[in-house]
Each structure stands twice: as C-alpha cells, then as structure tokens.
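Secondary and tertiary structure notes
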Amino acid sequence: MDKWLKFDHFKSTMKDALVKLDALVDESDPDTQYPNIVHSFQTAERLRRDHPADDWLHLTGLIHDAGKVMALYGEPQWCVVGDTFPVGCKWAKSIVYGDDSFKENPDTYNPKYNTACGMYEPGCGVERLMMSWGHDEYLYRVLVHNKSTLPRQALLMIRYHSFYPWYAGGEYGHLITEKDNHIKEAVLKFNQYDLYTKSAGVPDIEALWPYYEKLIDKYIPGVLEW
C-alpha cells in the first residue's frame, strides 16, 4: 500500500493499461493460457450478452483485472494475482496454499493477529477489513483516486472479486454484517462471468474496441494516475 497508493508509477488511459495486459498470463489461473486481455473481453462480452442494458457492467467486466499491470512494473505475481483474504486476524482454512504460505509469516504467531477477530471488532463489516494486497484492491483504489463515475456496485465487484474465502468458502461470518449481503450478492453475480467464460472463443478484440472506448470515455475518461 505504501508503494502503490501514491499513484506515481505511470500515467495511462484505461485502454492503454488494458493493452499492456496482452503481455501478461496469470500464473495463478489454471483455466487459461491466454493473455489476460483476452479473458477481459470474454468476461465483458458475456456480461454484455446477458445484461445488454447495463453498460457499466460490461465495462466492469472488461477492466476488472486491470490492476494486474503491477506485475509489469516489478511486482511479483504472488502479490498481484490469486485469492485475497483479510490480514490482521486468523487465517481462514479455505485460503489456497495457506498452510504452507503462512509458516514463515510472523503474523501467524502474533497474538494480536492470530485470533478469530484479531485487530477487528466482531461484526465490523467487510469494508473495514484490510485485505491482502492484490490487483482487486489496487484497481479499486485507482478508480476512486481518479474519480471514476462507475456505480458503487461496480467498485465493490472489483474490490472483492478474488475474496473467495468469504463468498465461496463461507469464512469470516463473525466479521460480516447483514448489510454486507448486498456486496456478496453483487460479487457472486459477477463471479460466474469471471470464472466461466475462460473456455469461450477468442473475441475479435480490435472490432470490439470502439464500443468499449465509448464506455471508458463515459465512466473513466482521460489519462489516469496509476
């Protein structure tokens, strides 16, 4: 957070940032060997097919992984891609590779952080949790910093779309409130398009750009600070 939330790494339009993803294959994803930009268009086009009136949702599908550009600016993929989870409390059992990954993490043995609630109050709500760093949180912060006009639902879909231990694993219920149910519902709605479009055919990206460029100009215009 100290490194990336100064937003001083590069300046770019959203389109140019997405084009950079043509050079990235997500090492954590067993379902695709395509560059990430192909997956972005697959997700967006399936959302566009099923929800033709919601142009903000089409754009959300297109940009949801744009935070992965960190991997092209020196950040190792282990802290860019993959599932996310709260830090500062006991690790959930459903965190992928958690048993091995956390053995050398000092938080595992710190009594301030290794209890069920850790540094949080019970029922504090999902938005009060400090999430492990990754492309979700980064893109969410980039959009807020650059004053995107995407609806709040879109921002929440982006922020929590890799928080599988919560919305798929059923963990962290003691930290969640009833008000968080709408966030969970939104993320689950989005997740089916994120996960289940990767075997679809490769879209004609060049032919699709004019439509999505208009959406970028509508919701995230101009040169952004990353």
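Now for a quick tour of the structure. (Residues numbered from 1 in each chain as written. Predicted model: local features only at pLDDT ≥ 70, side-chain atom pairs only at ≥ 80, totals over all residues. Heavy atoms only, no water.)

Some words on the overall build of the protein
Scanning the protein from terminus to terminus reveals nine helices and two strands. Of the regular secondary structure in the protein, the N- to C-terminal order runs β-α-α-α-α-α-α-α-α-α-β. Relative to the compact-globule value of 17 Å for 226 residues, the protein shows a C-alpha radius of gyration of 17 Å, a close match. Referenced to the eigenvectors of the C-alpha coordinate spread, the extents of the protein come out at roughly 55 × 35 × 35 Å. With 226 residues in all, the protein has 50% of them scored as buried. (Helix = DSSP H or I, 4+ residues; strand = E, 2+ residues; numbered from the N terminus. Rg over C-alpha atoms; globule rule 2.2 N^0.38 Å. Buried < 20%, exposed > 50% of the residue type's maximum accessible area, 1.4 Å probe, protein only.)

Quick notes on unusual backbone geometry
Of note in the backbone geometry, Phe7 takes a positive phi value of approximately 55 degrees without being a glycine. Within the fold, Phe7 resides in the segment before strand S1 (11–12).

Section: the pattern of salt bridges
Scanning all chains against the criterion turns up 10 salt bridges. One salt bridge in this structure joins Arg48 and Glu45, with 3.1 Å as the shortest N-O distance. Here Glu45 and Arg48 lie together in helix H2 (residues 36–50), a separation of three residues that amounts to about one turn. Overall, Arg48 belongs to the partly exposed group, its relative accessible area being 27%. A salt bridge links Asp50 to Arg49; its shortest N-O distance comes to 2.9 Å. (Salt bridge = Lys/Arg side-chain N within 4 Å of Asp/Glu carboxyl O.)

Some details on the layout of surface pockets
The volume enclosed by the second largest pocket comes to roughly 300 Å³. If you trace the second largest pocket, you find 15 residues lining it, with Lys90, Trp91, Ala92, Lys93 and Ile95 closest to the centre. A class-by-class count of the residues in the lining of the second largest pocket yields seven nonpolar, four polar and four charged. (1 Å grid on protein atoms, 1.4 Å probe; cavity = no way out; pocket = protein on both sides within 12 Å on 5 of 7 lines; lining within 4 Å. Points joined across faces, edges and corners; volume = space filled by probe spheres on them. Nonpolar A, V, L, I, M, F, W, Y, C, P; charged D, E, K, R; others polar.)

Concerning the side chain of Ser148
Here Ser148 lies in the loop between helix H5 (135–145) and helix H6 (152–160). On the basis of relative accessibility, which here comes to 15%, the residue Ser148 falls in the buried class. Polar contacts involving the side chain of Ser148 include one to the main-chain amide nitrogen of Leu150, which spans 3.1 Å. Once you skip the residues sitting within four places of it in the chain, Ser148 turns out to touch Leu143, Tyr219 and Ile220. (Polar contact = N/O pair within 3.5 Å; in protein donor to acceptor, adjacent residues only side chain to side chain. Contact = heavy atoms within 4.5 Å.)

Thoughts on the packing of H2 against helix H3 (residues 55–63)
At a closest axis distance of 7 Å, the pairing of H2 and H3 adopts a crossing angle of 165 degrees. Taken as axis vectors, H2 and H3 run roughly antiparallel relative to one another. Note on packing geometry: the crossing formed by H2 with H3 is right-handed. Taking contact as the criterion, the partners of Ser40, Phe41, Thr43, Ala44, Leu47 and Arg48 in H2 are, on H3, Leu57, His58, Gly61 and Leu62. Looking at side-chain class alone, the contact of H2 with H3 contains five nonpolar, four polar and one charged residues. (Axes fitted to C-alpha atoms, helices over the stretch in contact; angles between N-to-C directions. Parallel < 35°, antiparallel > 145°, perpendicular 65-115°, else oblique. Left-handed = near helix turned anticlockwise from the far one by under 90°.)

Some points on the side chain of Ser12
Counting through the fold element by element, Ser12 comes out in strand S1. At a separation of 3.2 Å, a polar atom in the side chain of Ser12 contacts the main-chain amide nitrogen of Ala17. Ignoring anything within four residues of it in the chain, the contact list for Ser12 reads Ala17, Gly222, Val223, Leu224 and Trp226.

None of this, on its own, says anything about what the molecule does.
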